[in-house]
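Observations on the model geometry
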Amino acid sequence: MATHIPPPEPEKVDYMDLPCPIPYEEIHREALMSLKPEHFEGLRFDFTKGLNQKFSLSHSIVMGPTEVPSQSAETIKIPTANYEFGANFIDPKVMLFGRILTDGRLSARVKCDLSENLTLKANAQLTNEPHMSHGMFNFDYKGTDYRTQFQLGNGGLLGANYIQSVTPHLSLGGEVFWAGQHRKSGLGYAARYNTDKMVASGQIASTGMVALSYVQKVSEKVSLATDMMYNYVSRDVTASVGYDYILRQCRLRGKIDSNGCTSAFLEERLNMGLNFILSAEIDHKKKDYKFGFGLTVGE
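None of the values given here were measured: they were computed from a predicted structure.

Moving on, we come to the overall build of the chain. Helix and strand counts for the chain come out as 1 helix and 19 strands. Among the 299 residues that make up the chain, the fraction classed as buried is 28%. Intrachain contacts of the chain at a sequence separation of at least 6 include 29% that bridge at least 24 residues. Here the chain carries 31 positive and 33 negative side-chain charges, and the mean point of each set is 2 Å from the other.

What follows is the structure, encoded as structure tokens:
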């Protein structure tokens, strides 16, 4: 007689002990890391010097063309060069970052843990250009299986979002905002499903934006990612597919989108505290070609 093997029992879910989801604004985190690295054009050199365990200074030099607005289809670029000086203070409960550029821009970021569950985040930028200075305060609260955030910014900007784990792998959330200066308001909804091998996220807002992303972990070193952005007001749609390959000494990311634009980004660790960076973007349709290389010294 054949031995009867009972089917495996379904996994029991304790809905009183669900995991805490990631922040609402980071639901596309894995796709953004794979598909949208920090591309640049020209030369970039970054140097960071630690003065002690908590305080460090940074220096950054960027030389390369900058795109300027144009009525024509061709891209207009002007040569630019900037030096940026930064100071960083990192403590288990407080992080402070300050930057100043030679063009007069001054920026600052603060993160402070007010309690075990409540965190204050603030960022501000001052510039000589009219109406370009801004400031923002975020209050983040982390619960056992949910997160919520309240935002307050200049120009009468108010916002709030909430995301809740409904199963061990699925989380749902929503957001609302009011821009007092422009007399505009909006609503948004988001969903995220993740396992050990994949992450799928979707987001929709009353402003007309629809964003979808999917990341598949092929192995410990290789991931494939795709995303789609659609605006049902302007009917604009863009989709892209890419890869993220992590080797022992380097990380290679690349993608191609529905507009025919291809890009690649390579980060190679030459030695302890010394990284070499290559960036490339090619858009044959617009005849726009961007190549950059950089060096990062310090951790």
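Here we take up the layout of surface pockets. The space that makes up the largest pocket amounts to roughly 920 Å³. Lining the largest pocket are 37 residues, and of these Glu38, Arg44, Asp46, Ser60 and Val62 lie nearest its centre. Of all the secondary structure elements, the ones that give two or more residues to the lining of the largest pocket are β1 (42-50), β2 (55-68), β3 (76-90), β4 (94-101), β5 (106-113), β16 (250-257), β17 (261-271) and β18 (274-283). Along the lines of polarity and charge, the residues of the lining of the largest pocket split into 12 nonpolar, 14 polar and 11 charged.

Let us now look at the packing of aromatic side chains. Under the criterion given, the structure shown has 2 aromatic pairs. An aromatic cluster is built from Tyr141, Tyr146 and Tyr162, whose rings are joined through pairwise contacts. The ring of Phe40 has Arg44 lying over it, and the distance from NZ or CZ to the ring centre is 4.6 Å. Taking the ring centre of Phe97 as reference, the NZ or CZ of Arg109 above it sits at 4.6 Å.

The next thing to look at is the environment of Glu74. The residue Glu74 is located in the loop between β2 and β3 in this model. Expressed as a C-alpha distance, the spacing of Glu74 and Leu114, which sit 40 residues apart in the sequence, is 50 Å.

For the rest of this paragraph, the subject is the pairing of β1. As paired elements, β1 and strand β19 (residues 288-297) share 6 bridges and run parallel to each other. Looking across to β19, one finds that Phe45 is bridged to Leu295. Where β1 lies against β2, 8 bridges are found, and the strand directions are antiparallel. Within β2, the residue paired with Phe47 across the bridge is His59.

Here the structure, examined in full by the defined rule, presents 16 salt bridges. Where Glu67 meets Lys290, a salt bridge forms, and the shortest distance between an N and an O atom there is 2.8 Å. Taken together, the residues Glu67 in strand β2 and Lys290 in strand β19 connect sequence positions 223 residues apart. Overall, Glu67 belongs to the partly exposed group, its relative accessible area being 40%. Between Asp288 and Lys77 there is a salt bridge; the shortest N-O distance is 2.9 Å. Of this pair, Asp288 sits in strand β19 while Lys77 sits in strand β3; the two residues are 211 residues apart in sequence, bridging distant segments of the chain. Connected through shared salt-bridge partners, Glu41, Glu67, Lys77, Asp288 and Lys290 make up one network.

Let's shift gears to the side chain of Asp46. On the secondary structure map, Asp46 appears in strand β1. Taking the relative accessible area as the measure of exposure, Asp46 reaches 17% and is therefore buried. At a separation of 3.2 Å, a polar atom in the side chain of Asp46 contacts the side chain of Arg44. A polar atom in the side chain of Asp46 sits 2.6 Å from the side chain of Ser60. In contact with Asp46, not counting residues within four places along its chain, are His59, Ser60, Leu295, Thr296 and Val297.

The rules we used
- Residues numbered from 1 in each chain as written.
- Predicted model: local features only at pLDDT ≥ 70, side-chain atom pairs only at ≥ 80, totals over all residues.
- Heavy atoms only, no water.
- Helix = DSSP H or I, 4+ residues; strand = E, 2+ residues; numbered from the N terminus.
- Buried < 20%, exposed > 50% of the residue type's maximum accessible area, 1.4 Å probe, protein only.
- Contact = heavy atoms within 4.5 Å.
- Lys, Arg positive; Asp, Glu negative; His and termini not counted.
- Charge placed at Lys NZ, Arg CZ, Asp CG, Glu CD.
- 1 Å grid on protein atoms, 1.4 Å probe; cavity = no way out; pocket = protein on both sides within 12 Å on 5 of 7 lines; lining within 4 Å.
- Points joined across faces, edges and corners; volume = space filled by probe spheres on them.
- Nonpolar A, V, L, I, M, F, W, Y, C, P; charged D, E, K, R; others polar.
- Phe/Tyr/Trp six-rings, centres within 6.5 Å; stacked < 30°, edge-to-face > 60°.
- Lys NZ or Arg CZ within 6 Å of the ring centre and 35° of its normal.
- Pairing = 2+ DSSP bridges.
- Salt bridge = Lys/Arg side-chain N within 4 Å of Asp/Glu carboxyl O.
- Polar contact = N/O pair within 3.5 Å; in protein donor to acceptor, adjacent residues only side chain to side chain.

Nothing here speaks to function; it is all geometry.
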